[in-house]
Amino acid sequence: MSRPAPTQIGVTAPDYDLSAPSDVDYARAFADVAPEVREHQLRARRFVQDEVLPVIDGYWERAEVPFDLVKKLAEHDLLRDGVDVAGRPTVSLMAEGLASMEISRGDGSVATICGVQGGLALRSIVMHGSPEQVEQYAEPMARGEILGAFALTEPTHGSDSVSLETTARRTVRDGVEGYVLDGEKKWIGFGSCGDITVVWARLVDSAEGAGDGDGQVHGFIVPQDAPGYTGTTIEGKMSLRAIWQAHIELDDVFVPADAALPGATSFKATSAVLFATRLTVAWSAVGHAVACYEAALAYSTQRVQFGKPLAARQMVQERLTRMLSTVTQMQLLVGRLTELAEAGELTGEQASLAKYTCTRGAREVASIARDMLGGNGILLGNRVARHFADIEALHTYEGTESMNALIIGRDLTGISSFA
Ligand SMILES: Cc1cc2nc3c(=O)[nH]c(=O)nc-3n(C[C@H](O)[C@H](O)[C@H](O)COP(=O)(O)OP(=O)(O)OC[C@H]3O[C@@H](n4cnc5c(N)ncnc54)[C@H](O)[C@@H]3O)c2cc1C
């Protein structure tokens, strides 16, 4: 029997109007933010409405990176993820958090693009780089002219990334002092389609065995076109499909001495970058949850079954309340912890609590929303399915739910379960 040839299936238009953005802020958690903070949030919201939502489902379905959006993010000064860049306005942590919430409310891949480029790669250079490195990279990265990756995770070291095995050895090649890097990295955003990768590697003794390695984790800026650098895009992902992660092989990759980040000479430097981004991931989780909640609310008021809108049913109203309750708790938590961060008082354990609580909450809210949209809940055009899938990556990256629970557990009990 002949069967029809497979065709490219387009993304269906939404069945229901789920688009009207509003302030989902029942406890008025962000009602009193300064006007410039609010303006930054609204800039991100407008960007999502005008630039992201009209195109993102197609990119997601085709598993393509929206490089044109990267440029536009830069034009709106949203690509640097609030990281300080000379000559650009300082963005407060609250403003950046609210912007992350808005961008994730639109799409998780786009938010992750900002997180990788600004939050991880650019931040590593600004935090730990020499003045010359900052001068060379910061502004071009904010403009989106140089795309950066952050390579910590390895195929055999994910949660225990502190045990990473990628090595750096001092060497002199063609009369130039530098380092040779060897190893593998996995899950590296922009690692196959960017320009540079901040590689975290252990400095071990050189071939001469001169005792010139300290065994510590150091950071290096590696051009992606360096000989021996191979970045292969990981295919078949069911989450964050509009940003590529790479499997990177480093085979005898030489970088000159000035590629080393002078301030990144132990794993503490890596942790400092991750500490700064953990709260941002929590904000992103709030954005996903808000998107799912507002889609469920809109759908239940528009969808009629048994002669009435779904929203007229007691069970449906209870579920909407449950979702809003979770969203509100998440918002109050990230808002308060961001205030502590702005005062320089946020602890690592509190940042873990934010990530743990908000990614858990987002998963719950997305799950309820997916169900409330019935069959339409699995259609890309109705948004919830994309958020539902994307939250799975947030749940795992920048410290899994379990890892963050163990960090908090160690603080509560005084007993480390890691060793
Ligand atoms: C979409 C995506 C993007 C990413 N982007 C980047 C990036 O740009 N750069 C980068 O460096 N990395 C990136 N990562 C990697 C990410 O940080 C790791 O996936 C994460 O740290 C978890 O590591 P793993 O996947 O190896 O899981 P594993 O560490 O193998 O964990 C598997 C499971 O075991 C649990 N587990 C592990 N140890 C324990 C324990 N002691 N007790 C109890 N449970 C435990 C974990 O919580 C998890 O549930 C990305 C990952 C994804 C999925």
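Residues numbered from 1 in each chain as written. Predicted model: local features only at pLDDT ≥ 70, side-chain atom pairs only at ≥ 80, totals over all residues. Heavy atoms only, no water.

> Please explain the nonpolar core as it appears in this structure.
Of all hydrophobic cores here, the largest spans 48 residues; its most connected members are L73, I103, I113, L181, F190, F220 and V222. Setting aside its immediate chain neighbours within four residues, V222 contacts L181, D195, I196, T197, V199, Y229, V253 and V255. By size, the runner-up hydrophobic cluster in this structure holds 46 residues, among which are V24, L320, A351 and V384. (Core = buried A, V, L, I, M, F, W, Y, C linked by side-chain atoms within 4.5 Å. Buried < 20%, exposed > 50% of the residue type's maximum accessible area, 1.4 Å probe, protein only. Contact = heavy atoms within 4.5 Å.)

> Mind showing me how you'd approach the environment of G194 here?
Structurally, G194 can be placed in the loop between β3 (176-189) and β4 (196-204). Beyond its immediate stretch of four places on either side in the chain, G194 contacts L147 and Q224. (Helix = DSSP H or I, 4+ residues; strand = E, 2+ residues; numbered from the N terminus.)

> Help me understand the site of the ligand, please; the structure alone is not making it clear to me.
Surrounding the ligand, one finds 17 residues, the nearest of these being F150, T153, S159, W187 and T400. A distance of 2.8 Å is found between a nitrogen atom of the ligand and a backbone nitrogen or oxygen belonging to F150. In this structure, L152 approaches the ligand through a main-chain N or O atom, which is 2.9 Å from an oxygen atom. Relative to its free-state accessible area of 980 Å², the ligand is covered by the protein chains to the extent of 65%. Elements that contribute at least two residues to the shell around the ligand include exactly β3, α10 (384-396) and α11 (401-413). Here the shell around the ligand is composed, by residue class, of eight nonpolar, eight polar and one charged. (Near = heavy atom within 4 Å. Polar contact = N/O pair within 3.5 Å; in protein donor to acceptor, adjacent residues only side chain to side chain. Areas by Shrake-Rupley, 256 points an atom, 1.4 Å probe, with all protein chains shown as cover. Nonpolar A, V, L, I, M, F, W, Y, C, P; charged D, E, K, R; others polar.)

> Explain the pairing of β3 to me, please; I cannot follow it from the model alone.
On a regular strand, one side chain projects to one face of the sheet and the next to the other, so that they alternate. When strand β2 (residues 167-173) meets β3, the two strands line up antiparallel, connected through seven bridges. Paired with T167 across the two strands is D182, which belongs to β3. Here β2 folds back onto β3 in antiparallel fashion, the turn holding two residues, of which D174 has a positive phi close to 50°. (Pairing = 2+ DSSP bridges.)

> Help me understand the confidence of the model for the protein, please; the structure alone is not making it clear to me.
Interpretation of the predicted coordinates at a detailed level should be avoided for regions scoring low in pLDDT. Across the protein, the average pLDDT comes to 95, with 95% of residues at 70 or higher. For residues 6-10, every residue scores under 50 in pLDDT, and the model assigns this stretch three contacts once sequence neighbours within four places are set aside. The ipTM value of the predicted complex is 0.99, and its pTM value is 0.95. (pLDDT = per-residue confidence, 0-100.)

> Which parts of the structure should I look at to understand the packing of helix α7 (residues 267-302) against α10?
When two helices pack together, you describe them by how their axes are tilted relative to each other and by the distance separating the axes. Relative to each other, α7 and α10 sit at 160°, their axes nearing to 10 Å. In terms of orientation, α7 lies roughly antiparallel with respect to α10. With respect to the hand of their crossing, α7 and α10 are arranged in left-handed fashion. Here V281, S284, A285, H288, A291, C292 and A295 of α7 come into contact with α10, specifically with V384, H387, D390, I391 and L394. A class-by-class count of the residues in the contact of α7 with α10 yields eight nonpolar, three polar and one charged. (Axes fitted to C-alpha atoms, helices over the stretch in contact; angles between N-to-C directions. Parallel < 35°, antiparallel > 145°, perpendicular 65-115°, else oblique. Left-handed = near helix turned anticlockwise from the far one by under 90°.)

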